[in-house]
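Structural description and commentary
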Amino acid sequence: MIDEPESRLEVSISPEVEAGQYANFASVWHTRDGFILDFAVITRPPSMADDPASGTPYVSVPTRIVSRVRLPPAQVFELMKALEQQLTAFEKETGHKL
């Protein structure tokens with residue numbers, strides 16, 4: 001039996017992407033093909049508005065999507081595990097429970 005060699009991802013990032021995007025809101029949704037994570041920033045303070053169809057008042061929170069990430073379903077489980085590991089490490093390092 002021949003052992004398979006270890007795989008190592010060699011990740012690089014362009015200077016334009018390296019700084020990242022600030023987001024203070026995230027929306028997660030799915031299709032048959034995968035999961036979509038929309039990261040957004042709130043662009044203005046919330047304000048009252050009326051629904052044009054019903055006249056019902058609601059709080060309007062204007063946002064702008066700054067990044068959209070599409071993941072295949074199998075990768076979502078890996079993302080959840082990584083987030084849990086990082087959250088645990090963060091809480092241990094800072095003493096903050098979120």
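The sections below set out a description of the structure shown in this document. All values derive from a computational prediction rather than experimental measurement. (Residues numbered from 1 in each chain as written. Predicted model: local features only at pLDDT ≥ 70, side-chain atom pairs only at ≥ 80, totals over all residues. Heavy atoms only, no water.)

**Thoughts on the pattern of salt bridges**
Counted under the stated rule, the structure contains 3 salt bridges. Between E6 and R8 there is a salt bridge, with its nearest N and O atoms 3.1 Å apart. Take R8: its relative accessible area is 64%, and that puts it in the exposed class. For R68, the salt bridge identified is with D38, shortest N-O distance 2.5 Å. (Salt bridge = Lys/Arg side-chain N within 4 Å of Asp/Glu carboxyl O. Buried < 20%, exposed > 50% of the residue type's maximum accessible area, 1.4 Å probe, protein only.)

**A few points about helix 2 (residues 73-94)**
With 22 residues, helix 2 should cover 32 Å at 1.5 Å per step; its first-to-last C-alpha distance of 32 Å lies within 8% of that length. Immediately beyond the C-terminal end of helix 2, within one or two residues, lies G95, with a positive phi of roughly 80°. (Helix = DSSP H or I, 4+ residues; strand = E, 2+ residues; numbered from the N terminus. Expected span 1.5 Å × (residues − 1).)

**Points about the side chain of D38**
Structurally, the position occupied by D38 is in strand 2 (residues 35-42). Overall, D38 belongs to the buried group, its relative accessible area being 6%. Within polar-contact distance, the side chain of D38 engages the side chain of W29 at 3.1 Å. Within polar-contact distance, the side chain of D38 engages the side chain of R68 at 2.5 Å. With near-sequence residues (within four places) excluded, D38 lies in contact with F25, A26, S27, W29, I65, S67 and R68. (Polar contact = N/O pair within 3.5 Å; in protein donor to acceptor, adjacent residues only side chain to side chain. Contact = heavy atoms within 4.5 Å.)

**Focus: the environment of V41**
Assignment of secondary structure puts V41 in strand 2. The exposure class assigned to V41 is buried, which follows from its relative accessible area of 13%. Sequence separation between V41 and G20 is 21 residues; the distance between their C-alpha atoms is 13 Å. Discounting residues that sit within four places of it in the chain, V41 has contacts with Y22, N24, P62, T63, R64 and V66.

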